Amino acid sequence: MRKLLNLSVAALLLAGGVYLYAEDEHEEHEHHASSFVAKPMSKQEKATVLLYQKECGACHFAYQPEFLPKRSWDKTMNSLNNHFGTDATLDPSDHKTIQNYLVSHASKNDRMTGMGGEIAMRISETPNFKHEHREIPKKMVTQADVKSFANCASCHTKAASGSYREREIRIPNYGSWE
Ligand code: HEC
Ligand code: HEC
């Protein structure tokens with residue numbers, strides 16, 4: 001039993017995706033947790049996730065591709081030389097691999113795009129995200145141990161494994177959210 005449990009956790013980690021996110025209706029999180037099944041990954045897919053985490057996790061948390069739609073990732077990948085004030089340019093082969101990975105796992109939910117028809121480049125500025133985080137007092141976000149909503153993993157303790165469950169949230173200096 002224990003072995004089985006460990007195996008499924010390992011599968012989750014390697015899945016590199018989000019398994020608790022409201023793709024369709026944000027009021028139905030509980031259903032997503034139970035309906036999730038980790039698909040086994042091929043060696044090549046694992047290598048791609050590791051490449052993504054290494055390259056796009058160098059300066060910040062490696063955001064799961066499921067949090068933005070295709071056109072957001074395309075826009076991001078087509079402007080890496082001017083990426084939020086930094087240069088995140090990749091070599092052409094890695095660039096292609098990562099863009100394909102992001103696009104093929106992108107959200108199909110149009111509500112994840114920005115307001116006013118603009119293509120969102122920040123997850124933290126999508127209407128979905130704002131809705132989920134509307135009750136969090138500003139001081140909990142701007143404090144030195146978090147800085148901005150871009151730092152998902154500072155509050156979501158299991159974010160790296162793709163889990164955003166409420167009971168796993170610990171806001172630095174404030175504690176759990178319940
Ligand atoms: C050289 C450093 C660097 C690298 C490498 C880098 N980024 Fe960023 N990225 C940043 C900075 C700086 C920000 C703005 C962070 C903030 O506002 O706190 C950012 C923000 C983001 C955001 C918006 C987060 C949000 O919701 O507010 C996304 C999405 C993103 N990066 C994707 C990527 C992807 C995809 C890659 C790999 C191709 C990548 N980044 C590589 C520096 C980097
Ligand atoms: C300041 C802490 C903080 C940061 C930073 C943060 N979140 Fe959250 N997040 C929360 C809290 C608290 C909730 C629950 C809000 C509520 O229920 O009212 C939440 C809810 C969520 C949910 C819904 C989970 C559920 O089951 O209801 C998702 C998904 C999520 N966050 C993803 C992200 C992502 C992705 C990032 C980074 C781009 C991020 N969060 C950054 C605190 C944070």
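Summary of the structure given here. Numbering of residues begins from 1 in every chain and follows the order in which that chain's sequence is written. Numbering of ligands from 1 and lettering of chains from A proceed in the order in which they are written. With the structure being a predicted model, the display of local features is reserved for residues of pLDDT at least 70 and the display and counting of side-chain atom pairs for 80 or more, all residues being used for whole-chain, interface and lining totals. Side-chain figures throughout are based on the complete set of non-hydrogen atoms in the structure, without hydrogens or water.

**Things to note about the site of ligand 1**
Close contacts around ligand 1 come from 20 residues, with C56, C59, H60, H83 and R122 the closest. Pairs of N or O atoms within 3.5 Å make up the polar contacts considered here, provided that, within protein, one atom can donate a hydrogen while the other can accept it, and that residues adjacent in sequence are counted only when both atoms are side-chain atoms. At a separation of 2.8 Å, an oxygen atom of ligand 1 approaches a polar side-chain atom of R122. With respect to ligand 1, the side chain of S148 contributes an N or O atom lying 3.3 Å from an oxygen atom. Among the elements of the structure, α3 (43-56) and α4 (70-77) are those that each provide at least two residues to the shell around ligand 1. Side-chain classes are defined by residue name, with Ala, Val, Leu, Ile, Met, Phe, Trp, Tyr, Cys and Pro counting as nonpolar, Asp, Glu, Lys and Arg as charged, and the others, Gly among them, as polar. For the shell around ligand 1, the per-class residue count stands at 12 nonpolar, five polar and three charged. Whether a residue is near a molecule or strand is decided by its heavy atoms; if any one of them lies within 4 Å of it, the residue is near. By definition, any uninterrupted DSSP run of H or I lasting at least four residues is a helix, any uninterrupted run of E lasting at least two residues is a strand, and each is numbered from the N terminus.

**Looking at the coordination of the iron atom of ligand 2**
Within the first shell, the iron atom of ligand 2 binds the protein through H133 (NE2) and H156 (NE2), at distances of 2.0 Å. Here the term donor refers to an N, O or S atom within 2.8 Å of the metal (or 3.2 Å for Na, K and Ca), and because water is left out of the atoms, sites may appear incomplete. Labels for metal geometry use angle windows, namely 85 to 135 degrees for all angles of a four-donor tetrahedral site, and for square planar (four donors) or octahedral (six donors) sites opposite donors over 155 degrees apart plus all others within 65 to 115; sites meeting none of these are irregular. Classification of the site at the iron atom of ligand 2 rests on its six donor atoms, whose angles at the metal span 87 to 179 degrees, yielding the label octahedral. In this pair, H133 is assigned in the loop between α6 (127-132) and α7 (138-142) and H156 in the loop between α8 (152-155) and β1 (170-171), connecting sequence segments 23 residues apart. Judged by relative accessible area, which is 16%, H133 ranks as buried. Exposure classes here rest on a 1.4 Å probe applied to the protein chains alone. A residue is buried below 20% of its type maximum, exposed above 50%, and partly exposed in between. According to the relative accessible area criterion, H156 is buried, its value standing at 14%.

**Focus on the coordination of the iron atom of ligand 1**
Here the iron atom of ligand 1 is held by the protein donor atoms H60 (NE2) and H83 (NE2), which lie 2.0 Å from it. Viewed at the metal, the six donor atoms of the iron atom of ligand 1 are separated by angles of 88 to 179 degrees, and the geometry they form is octahedral. With H60 in the loop between α3 and α4 and H83 in the loop between α4 and α5 (92-104), the pair connects residues that are 23 residues apart, well separated along the chain. Classification of H60 as partly exposed rests on a relative accessible area of 27%.

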